[in-house]
Amino acid sequence: MTKKFGEFTAVDGVSISVNEGEILGVVGPNGAGKSTLVKMLCTILAPTSGSAEIMGLDIVKDAQKVRAVVGYLPEEPRVYDYMSGEEFLSFFADVYGRGRERIPELLEFVGLEEHAKRKIGEYSKGMKHRISLARALIHDPQVLILDEPTMGLDPASSRDVRERVKSMRRSGKTILVCTHYMDEADFLCDKLAIMNRGKIAAVGKPEELKAKVAKQRYLGVVIKEDALIRKLAEELGGGVDGRMVVVGIRGMNSTIARVHATAKKLKATILSIKTLDPSLDDVFVAVTRGGKWA
Amino acid sequence: MGLGVMTWWGLKGIFSDRRFLLSVIVGMLISLFTIPLLMDAVGRFKEGNLLSALPISEKMVKVAVVGEHPLIAELENNSMVEIVRVDEETAMRLLNEGKVHGVFIVNATSGRFIGRSIPLSNLAESAVKDAVDKFMRKDNKLLFNLKSDLGLEELLRSLLAPFLMLTPLFIWSLPVIQSVAYERENKVVEVIFASPTRRVEVLASKVLSNLIFSMLLGAVWMLLVPFFGLHFSNPIGVYVILISMALLVIMMNALVSSIASNANEATLASSISSTIIITLFFSIAILKVFPATEIAAKLSPATYIAEQVSGQGTPFPFNLMLVIYIISATAFLLALSAFSTESFAFSLKPGLSQLYEGMMEILRSKNKAAFAMGFVAFSITLPVELVAIGLTFFLIGPSAFLLLLSATAAEEGLKAVALNVLKPTHLKEGAVLGALVGLAFGLSESLLLAPVFELMILIRIAPIIVHSVCSSIVGAGYAKRYFALSVILAILLHMGYNLYLIRYAMGMR
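Novice: How would you summarise the packing of helix α19 (residues 400-422) of chain B against helix α20 (residues 427-449) of chain B if you had to cite specific residues and measurements?
Specialist: Think of two packed helices as two axes; the pair is described by the angle between the axes and how far apart they sit. All names here are of chain B. One way to put it is that α19 packs onto α20 with a least axis distance of 10 Å and a crossing angle of 140 degrees. With respect to their mutual orientation, α19 and α20 come out oblique. Between α19 and α20 lies a crossing whose hand is right-handed. Two secondary-structure elements touch here, α19 through Lys 415, Ala 418, Leu 419 and Leu 422 and α20 through Leu 433, Gly 434, Val 437, Gly 438 and Phe 441. Of the residues in the contact of α19 with α20, the class split is six nonpolar, two polar and one charged.

So, in structure tokens, the structure goes:
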């Protein structure tokens, strides 16, 4: 799919697939085109060219039917402050032509059963996010599209939302998550698509992506004496990351031997040595900044 | 399904806004209690001498006198009054035909003045009172009892009633701004658009819930005002006009809210559009009084209400209602176009071309869009024409030729703007699109101006053809890159036709 706004191409020939019951993460820097892609999949925006199918339904030709099977959670909670949580869910149950039987269950799922009668305007941001999630689930959609589901939430609320998303996957829903939090993508997703400047720069399972990045590998060394950390790093020609000395590997055995010898010379006590695997952050930086991407 | 559900929830939303409801009730109560207060003020004002407030010329007031009395000589001495001595039947006929400004029926000890809500009737009444005063000062033993059953009081009541009846509409129609602009600003509309409800249903539900709310308030309003001194000869007619005007204001508010980028901007734009509506419909109401014209009666809901309160059995103003519905439908189409643009979801203001693209998306045909643009051009023409004529009048003076030119230029100019948006690419397309724009414009104008709705096709066929031909020339001119020249040609052609009509009407052929 491609989406242009005048001369500007926000999404440029993106093509991806998600299997049923899978969580796909779409990650990328701000302005990469993630939200535009999501809005096209939710039929809020029409693609300039190309199309997509959700459960066999074309997002352009069968837009109305697509909306009935997709649950959409936007980046910010979109709520009516003057309604109570229960009223808000009742309104959307009516809009989707569904009964209101699921409302107590959904309120319980998002942990708001005790606040059901309160006006949403009185909710905290985390609570608004959770009522929005319940709203996205009101019609029991097979496909969920979540745009930055934990953006701006405190750590506890973020963990809460992530756990709920994970539990929805277990109930067989297909989920697309847009995020720029790499730890979130790593925790949630079966598959990742990294977007940059409107294009898909890389697709694969998180492990595959990590394996592809960075030919250079490192050793992480932790010593007992804090005062000697910087000295050891200098002697080994490495760097410091917190309390860890990071050393480039030039032959595993010889590097380990060199670390032991230098520590002995400085009278430092080694607590641990481990090889450092690249993180998704490394993958992200490599892909989006043209780094060591294989 | 979607429409019903969303309308129901829209109504619930309006009724749950307690602060808004309170302001509506307080506003209505203030207006109601204003009626007797203003009537009292009118009564006091009536006691003052009006003659000093107006420029006086020789024999400007004509009074039919029935009967004989020495005070008639005093009346004859008044330089601005011309007296016609007739029998009562003739006097009343002359008054009804507007040939005299008042009837003075007199006997030995008493007299009765009968006037109408027509220009100078109040002066005629004042002149009679003046004559009575002078006569009584000369011989203070003689008592003379003058009864006056019409004049300034009714005149002012006629102006007051429409304002009191119609101004609450502008408050009643605020929820649609709140609903459209607020949802857009808070981006709630994003999740509504992601639901199976179609955009037309979303917008229609907002309009409909506000209209139902206004209908309920209108009914309450109609039930209450008689207790405060306003009575109508046809209350159902007044209610229908009230609701038609409510529809118009709601649609205009829906339009400005769909175009504005936030709720504050929408409120500001709404006050501007309300001012235009007030100027358009209320200033014409004043025309009815200074001076009365047929077209004023056709154009103005305020005039209709003024006539109703005067006890005149005016029939339903179908022409006006049809025009209100055309403008309302046009505003809805434009609002829906704005609603359908991508800019709406991003809280950006759509440009003219994006509105057109939105319209195309709804209508899915350039020809249909051209026809719709004709209605759009007509809807904008009314206020623009009024401003153009007003500016010409005040800046250059009351030259008939320039007034005619400004009106014609406003009409042809707005049709040309519509064609500029349609952008025909070749001669045939330009001519066809132009003809369709002109056809819709001519039809709307005819609905407004035809004296009887049934005769519209017969009487207005020539003007409709003129509009179609002129726009067709502009469309073809646009396609062939002679746009400015074709607009000038269209204005000249249109003016030529108008001048021919005027000459014909004045019997100067």
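Now that the structure has been shown, the text picks up again.
Novice: Before we move on, could you go through the interface of chain B and chain A and cite the residues and values that matter?
Specialist: Each partner contributes residues to the interface: chain B has 18 residues there, and chain A has 19 residues. Of all elements in the fold, only α1 (2-16), α9 (188-193) and α16 (342-345) of chain B reach the threshold of two or more residues within the side of chain B that touches chain A. For the side of chain B that touches chain A, the residue count by class is ten nonpolar, five polar and three charged.

Novice: Tell me about the domain arrangement of chain A, and please be specific about residues and values.
Specialist: By the assigned domains, chain A splits into domain 1 (3-211) and domain 2 (215-277). Measuring from the centre of the C-alpha atoms in domain 1 of chain A to the corresponding centre in domain 2 of chain A gives 43 Å.

Novice: Which residues make up helix α15 (residues 318-340) of chain B, and what values go with them?
Specialist: Spanning 23 residues, α15 of chain B covers 32 Å between terminal C-alpha atoms, matching the ideal 33 Å at 1.5 Å per step. Judged by how many residues are buried, α15 of chain B sits mostly within the fold: 18 of 23 residues are covered.

Novice: Would you mind going over the confidence of the model for chain A in detail, with residue names and values included?
Specialist: Across chain A, the average pLDDT comes to 86, with 95% of residues at or above 70. Element-level pLDDT for chain A is lowest in helix α11 (residues 280-288) of chain A, with a mean of 69, against a maximum mean of 95 in helix α3 (residues 85-95) of chain A.

Novice: Could you give me a rundown of the pairing of strand β1 (residues 61-66) of chain B, with the residues and numbers involved?
Specialist: Residues and elements named next belong to chain B. Among the six residues in β1, five count as buried, and that is most of the element. Here β1 pairs with strand β2 (residues 81-85) via five bridges, running parallel. In the strand pairing of β2, Ala 64 is matched with Val 84. Where the polypeptide runs from β1 across helix α3 (residues 71-77) and back to β2, its parallel neighbour, the crossover connection is right-handed. Where β1 lies against strand β3 (residues 102-106), four bridges are found, and the strand directions are parallel. When the sheet's bridge partners are listed, Ala 64 is paired in β3 with Val 103.

Novice: Tell me what's going on with the packing of α1 of chain B against helix α10 (residues 199-224) of chain B, and back it up with residues and numbers.
Specialist: Residue and element names in this part refer to chain B. Relative orientation of the contacting elements α1 and α10 amounts to 45 degrees, with a least axis distance of 8 Å. As far as their axial angle goes, α10 and α1 are oblique. Crossing of α1 against α10: the hand is right-handed. Contact with α1, carried on its side by Gly 2, Leu 3, Met 6, Thr 7, Gly 10, Leu 11 and Ile 14, involves Glu 201, Val 202, Ala 204, Ser 205, Lys 206, Leu 208, Ser 209, Ile 212 and Phe 213 of α10 and no other residues of that element. In terms of residue class, the contact of α1 with α10 is built from nine nonpolar, five polar and two charged.

Novice: Requested: an account of the nonpolar core, with residues and values cited.
Specialist: In this structure, Ile 145 of chain A together with Val 207, Met 251, Ala 254, Ala 335 and Val 437 of chain B are the most contacted members of the largest nonpolar core, which totals 181 residues. Here this core takes 15 residues from helix α11 (residues 235-259) of chain B, the largest share from any one element. Apart from the residues within four sequence positions on either side, Val 207 of chain B is in contact with Val 176, Ile 250, Met 251, Ala 254 and Phe 332 of chain B. Of all hydrophobic cores here, the second largest spans 24 residues; its members include Leu 71, Ala 91, Leu 123 and Ala 131 of chain B.

Novice: Explain the sheet that holds strand β8 (residues 174-179) of chain A to me, using residue names and the numbers behind them.
Specialist: All names here are of chain A. Overall, mixed pairing links the six strands, which are arranged β6-β7-β8-β3-β9-β10 in an open sheet. Of all strands in the sheet, those bounded by a partner on one side alone are β6 (70-73) and β10 (199-204). Neighbour to neighbour, the strand axes of the sheet diverge by 15 degrees on average, direction disregarded. Of the strand pairs in this sheet, strand β9 (residues 191-196) and β10 are connected by five bridges, and their pairing is antiparallel. In the sheet register, Leu 192 faces β10, and the bridge partner there is Gly 204. Together, β6 and β7 (143-147) form the strand contacts of helix α5 (residues 125-136), whose direction differs from that of β6 by roughly 165 degrees.

Rules used in this analysis
- Residues numbered from 1 in each chain as written.
- Chains lettered and ligands numbered in written order.
- Predicted model: local features only at pLDDT ≥ 70, side-chain atom pairs only at ≥ 80, totals over all residues.
- Axes fitted to C-alpha atoms, helices over the stretch in contact; angles between N-to-C directions.
- Helix = DSSP H or I, 4+ residues; strand = E, 2+ residues; numbered from the N terminus.
- Parallel < 35°, antiparallel > 145°, perpendicular 65-115°, else oblique.
- Left-handed = near helix turned anticlockwise from the far one by under 90°.
- Contact = placed C-beta atoms within 7 Å.
- Nonpolar A, V, L, I, M, F, W, Y, C, P; charged D, E, K, R; others polar.
- Domains from an automatic or database assignment.
- Expected span 1.5 Å × (residues − 1).
- Buried ≥ 20, exposed ≤ 12 C-beta atoms within 10 Å, placed from the backbone.
- pLDDT = per-residue confidence, 0-100.
- Pairing = 2+ DSSP bridges.
- Right-handed = clockwise from strand over helix to strand, strands pointing away.
- Core = buried A, V, L, I, M, F, W, Y, C linked by C-beta atoms within 7 Å.

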